[in-house]
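Descriptive structure summary
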Amino acid sequence: MFRQTGGVTDTRTQSIDTDDKAVLRALDDLDLPALTAAVRPLSAAQIVGILERLDRKQRAVLYRVLPKGQALEVFENLDPSLQGDLVGGLQDDAVATLFAQMHPDDRVELLDELPATVARRLLQGLPPREREITADILGYPQGSIGRRMSPEFVSVRPEMTIRHALERVTERLSDAETVYTLPVTDGQRVLVGVVSLRDLLRADPDATVESVMQPATWARVGERAEEAARRCADRKLLAVPVVDNETRLVGILTVDDALRILEAAESEDQARISGSEPLRRPYFTAPVSGLVRSRVVWLLVLAIGATLTVQVLEVFEATLSQVVTLALFVPLLIGTGGNTGNQAATTVTRALALGDVRTRDLFKVMFREFRVGCALGLILGSLAFVVTSLLYGPSIGTVIGLTFVSLCTMAATVGGVMPLLARAVRADPAVFSNPFISTFVDATGLLIYFLIARTVLGI
């Protein structure tokens, strides 16, 4: 495998593209032997990438020719929405087998994507023990870490010898979600610490687990999944124990599940900051009607909000008619104000997600963004004053310069505060970010602009 410059393509990329074309050609021809041969050399990740670009019928045909062992690996790596699509295209016995082999937390994600009747039928087909575990996870609130944790873990006791603990790990290798971080519990299942497999392997076999265990970072079963996942990622932990209100161990969150939660949260925030709803599935598998629905509501809301700007312009129509030059700067001013507010909102929303800022920091953030906005306004306003004075005279230059100072200060302050207010009322901070801030700042910015113009120009 090598990469050359000077216009020569990567041989590995070229090989993957060739494999994709062979699979697509076999699907178009419905040539199952050729399809089987084309799929055989591909990795699970490559097959997932192809499945994400196919329609529902082609996806089911391709999945049916996968070898049994590879089929489960591919299925587990698909988005839950695509898993739900596949369930409708497979025979009941194949679906039941796949469903029983999945991890309980992955099962719950799939069940959320399925019609109630199909979900009920799949649950009833599970072995009693698996059905009980899955039902327990389904009992936790949507969005909580209890809904995303795995109940398949290995725990050890503090009084165990290292030798006994390693034997216990060996016995549970086949059914545990992870063994690299082991929760340590007492006789009442209360979490008392954690121990890593590395520490067990290098310790004296006759020593006790208590002698090598560390304090545990844990999550409450009812807390938001994103908060628990963020803590796992920030502290670079391989797993985080999940406990109930009495600190009894009920599950474990692994780092790979934490990263999936954070990726989904990031995608949702980015979509809402941009003024649309998250697709929750790969782009090419989303129907056009779904893309329209994800955007049209926001566009209507923003269009209604933009009527505020029209109302402001109508109120100051007489002012514009006396000094037509003022109209030339309207797009520049409202664009700058919107961008300033969006920058502040995006920065604070991200800081909220990372835990750097909390709702109790409202006044700190307000004062900080006020100073930032004032500094930006002074820089932009000074430049605007010089340039505008040379072209249109010092009076217009003064109006534009003062408007920049006022507008940037207001926009940055409002943009920084809005996500915190959203979090305080338990709303999504991203919803209150760019689209709504742009609409608010446009109308308010024009109001500031014309009031300053009336005062300075005496009109």
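Scoring rules and cut-offs
Residues numbered from 1 in each chain as written. Predicted model: local features only at pLDDT ≥ 70, side-chain atom pairs only at ≥ 80, totals over all residues. Heavy atoms only, no water. Helix = DSSP H or I, 4+ residues; strand = E, 2+ residues; numbered from the N terminus. Buried < 20%, exposed > 50% of the residue type's maximum accessible area, 1.4 Å probe, protein only. Contact = heavy atoms within 4.5 Å. Salt bridge = Lys/Arg side-chain N within 4 Å of Asp/Glu carboxyl O. Axes fitted to C-alpha atoms, helices over the stretch in contact; angles between N-to-C directions. Left-handed = near helix turned anticlockwise from the far one by under 90°. Nonpolar A, V, L, I, M, F, W, Y, C, P; charged D, E, K, R; others polar. Pairing = 2+ DSSP bridges. Parallel < 35°, antiparallel > 145°, perpendicular 65-115°, else oblique. pLDDT = per-residue confidence, 0-100. Patch = residues over 30% accessible without salt bridge, like charges linked within 9 Å, V, L, I, M, F, W, Y side chains within 5 Å. Areas by Shrake-Rupley, 256 points an atom, 1.4 Å probe, with all protein chains shown as cover.

Focus on the overall build of the chain
On a plain count of helices and strands, the chain comes out with 21 helices and 5 strands. Taken over 459 residues, the chain has a buried fraction of 46%. In the chain, the proportion of contacts linking residues at least 24 apart, taken out of those at least 6 apart, comes to 67%.

Re the environment of Val209
Here Val209 shows up in the loop between helix H12 (197-202) and strand E3 (219-220). Residue contacts for Val209: discarding those within four places in its chain leaves Val156, Arg157, Pro158, Met160, Thr161, Ile162, Ala165, Val184 and Val195.

Brief notes about the pattern of salt bridges
Any two side chains of opposite charge can pair if their charged atoms end up close together. Scanning all chains against the criterion turns up 14 salt bridges. One salt bridge connects Glu109 with Arg260, and the closest N-O pair in it is separated by 2.7 Å. Of the two residues, Glu109 is situated in helix H8 (residues 104-113) and Arg260 in helix H14 (residues 255-273); the sequence distance between them amounts to 151 residues. Given a relative accessible area of 16%, Glu109 falls into the buried group. We classify Arg260 as partly exposed; its relative accessible area is 30%. Arg202 is the partner of Asp199 in a salt bridge, and the nearest nitrogen-oxygen pair spans 2.9 Å. A residue pair is termed a helical-turn pair when its members lie 3 or 4 positions apart in one helix, as Asp199 and Arg202 do in helix H12 at 3 residues.

A look at the packing of H8 against helix H10 (residues 128-138)
Following both chains from N to C, one finds H8 and H10 inclined at 65°, their axes separated by 9 Å at the closest point. Considering how the two elements wind past one another, H8 and H10 form a crossing that is right-handed. Side by side, H8 and H10 meet where Pro104, Asp105, Arg107, Val108 and Leu111 of the first sit next to Glu130, Ile133, Thr134, Ile137 and Leu138 of the second. Class assignment for the residues of the contact of H8 with H10 results in 6 nonpolar, 1 polar and 3 charged.

So, the pairing of strand E1 (residues 181-185)
Judged by how many residues are buried, E1 sits mostly within the fold: 5 of 5 residues are covered. Of the two faces of E1, both are covered, the one formed by Thr181, Pro183 and Thr185 as well as the one formed by Leu182 and Val184. Bridging between E1 and strand E2 (residues 191-196) involves 5 bridges; their strand directions are antiparallel. Each bridged residue has a counterpart across the sheet, and for Pro183 the counterpart in E2 is Val194. The antiparallel pairing of E1 with E2 creates a hairpin that spans 5 residues between the two strands, and Arg189 there sits at a positive phi of about 65°.

A short note on the packing of helix H13 (residues 225-234) against helix H18 (residues 330-354)
Running from N to C, H13 and H18 cross one another at 80°; their axes reach a closest spacing of 9 Å. Regarding the angle of H13 to H18, the classification is roughly perpendicular. Here Glu226, Arg230 and Asp234 of H13 lie close against H18, whose contacting residues are Arg350, Ala353 and Leu354. A class-by-class count of the residues in the contact of H13 with H18 yields 2 nonpolar, no polar and 4 charged.

Comments concerning the pairing of strand E5 (residues 249-254)
Working note: regular strand, side chains alternate between the two faces of the sheet. In terms of burial, E5 is largely enclosed, as 6 of its 6 residues are buried. Across 5 bridges, the pairing between strand E4 (residues 239-243) and E5 is antiparallel. Residue Val242 lies in a different strand from E5, and its bridge partner there is Gly251. Taking the residues between adjacent antiparallel strands as the criterion, E4 and E5 are bridged by 5 residues, where Thr247 takes a positive phi near 60°.

Let's talk about the confidence of the model for the chain
Here the chain shows a mean pLDDT of 81. Residues at 70 or above account for 83%. Here residues 1-16 is a poorly scored stretch, pLDDT under 50, and it has 6 contacts once near neighbours within four places are set aside; other chains count.

Re a nonpolar patch on the surface
On the surface, a nonpolar cluster with roughly 840 Å² of combined accessible area is contributed by Leu328, Leu383, Phe385, Val386, Val387, Leu390, Leu391 and Tyr392. With 7 residues, helix H19 (residues 362-392) is the largest single contributor of residues to the nonpolar patch. Along the chain, Val386 turns up in helix H19.

Focus on the environment of Gln101
Checked against the element boundaries, Gln101 lands in helix H7 (residues 92-101). On the basis of relative accessible area, Gln101 is assigned to the partly exposed category, the value being 39%. Spatially, the C-alpha atom of Gln101 lies 9.7 Å from that of Leu126, the residues being 25 residues apart in sequence. In this structure Gln101 touches Leu72 and Glu76, once residues within four positions along its chain are discounted.

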